[in-house]
Amino acid sequence: MIMKLLPTLTFVAALGSGIVGGVFFAFSSFVMPGLARMPAAGGIAAMNSLNVTAVTPMFMTALFGTGLVCLVLAAGALIGLSQPGAFWLLAGALIYLVGNPIVTMIFNVPLNNALAAVDPASANGAAMWTTYLRDWVMWNHVRTITAIAALGCFIMAWR
């Protein structure tokens, strides 16, 4: 049964990876650089607002739903390891899972929570903002690159 679903799930994972990679690419390429140009208090307030509004069913489905699809694809790839495209399928699933939901939960979310807890107008807030920009953006680059790499793997598996 799972083997019959793999082409459709691969297509869904490719779309999800592309959407997520596009969102993270936008943050890395112009959202965060734009926020970095603001005074610390304004940048912190804007980022905290973005972090709250990002938790929508649509984006959470794209990010974590694609992760769920990747779990199924990884299992299917392992079951059919000798099948054409199985390597690409497994690679894409693992790259996406590690680089997106796992990196998000281990690195980006704790950074977001720490930023939300600081007083934006304080000296501590300004220091936190500098560190946050460096660390959050670095991990966001990882998410961007891995989502796009996973997309490439899914395209290779699907063809």
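Look up: the structure comes first, before these words.
Cut-offs used in this document
Residues numbered from 1 in each chain as written. Predicted model: local features only at pLDDT ≥ 70, side-chain atom pairs only at ≥ 80, totals over all residues. Heavy atoms only, no water. Helix = DSSP H or I, 4+ residues; strand = E, 2+ residues; numbered from the N terminus. Expected span 1.5 Å × (residues − 1). Bend = angle between axes of the 7 residues up to and from the residue. Core = buried A, V, L, I, M, F, W, Y, C linked by side-chain atoms within 4.5 Å. Buried < 20%, exposed > 50% of the residue type's maximum accessible area, 1.4 Å probe, protein only. Contact = heavy atoms within 4.5 Å. Phe/Tyr/Trp six-rings, centres within 6.5 Å; stacked < 30°, edge-to-face > 60°. Patch = residues over 30% accessible without salt bridge, like charges linked within 9 Å, V, L, I, M, F, W, Y side chains within 5 Å. Areas by Shrake-Rupley, 256 points an atom, 1.4 Å probe, with all protein chains shown as cover. Salt bridge = Lys/Arg side-chain N within 4 Å of Asp/Glu carboxyl O.

On to helix H4 (residues 86-117), then. A rise of 1.5 Å per residue sets the reference length of H4, with its 32 residues, at 46 Å; its end C-alpha atoms lie 44 Å apart and thus fit the reference within 8%. By the largest-angle criterion, Thr-104 marks the main kink of H4, which is about 55°.

Formed by 22 residues in total, the largest nonpolar core has its most connected members in Val-20, Leu-63, Cys-70, Leu-73, Leu-89, Tyr-96 and Phe-154. For this core, the secondary-structure elements that each account for two or more residues are helix H1 (2-36), helix H3 (57-79), H4 and helix H5 (123-158). Looking at which element gives the most residues to this core, the answer is H3, with eight residues. Here Phe-154 is in contact with Thr-10, Ala-13, Ala-14, Ser-17, Cys-70, Leu-73, Leu-89, Gly-92 and Ala-93, once residues within four sequence places are set aside. With 14 residues, the next largest nonpolar core counts Phe-27, Met-47, Trp-129 and Trp-136 among its residues.

As a further point, take the side chain of Arg-143. Within the fold, Arg-143 resides in helix H5. If sequence neighbours within four positions are ignored, Arg-143 has contacts with Phe-24, Gly-99, Asn-100, Val-103, Thr-104, Asn-108 and Trp-136.

The next point concerns the packing of aromatic side chains. The tally for this structure, following the rule as stated, stands at seven aromatic pairs. An angle of 85° between the planes, with centres 6.0 Å apart, marks the rings of Phe-24 and Phe-59 as edge-to-face. Of the two residues, Phe-24 is situated in helix H1 and Phe-59 in helix H3; the sequence distance between them amounts to 35 residues. For the pair Trp-129 and Tyr-132, a centre-to-centre distance of 5.8 Å together with 10° between the ring planes defines the contact as stacked. Taken together, the residues Trp-129 and Tyr-132, both in helix H5 and three residues apart, mark about one turn of the helix. Taken as a pair, Trp-129 and Tyr-132 share a single burial class, namely buried. Ring pairing ties together the aromatic residues Phe-27, Trp-129, Tyr-132 and Trp-136, which thus form one cluster.

Let us look at a nonpolar patch on the surface. A surface patch of nonpolar side chains, about 490 Å² in accessible area, is lined by Phe-11, Val-12, Leu-15, Ile-19 and Trp-158. Take the nonpolar patch: its biggest share by element is four residues, from H1. On the secondary structure map, Leu-15 appears in helix H1. Since its relative accessible area comes to 47%, Leu-15 is described here as partly exposed.

Any link to function would need more than the numbers given here.
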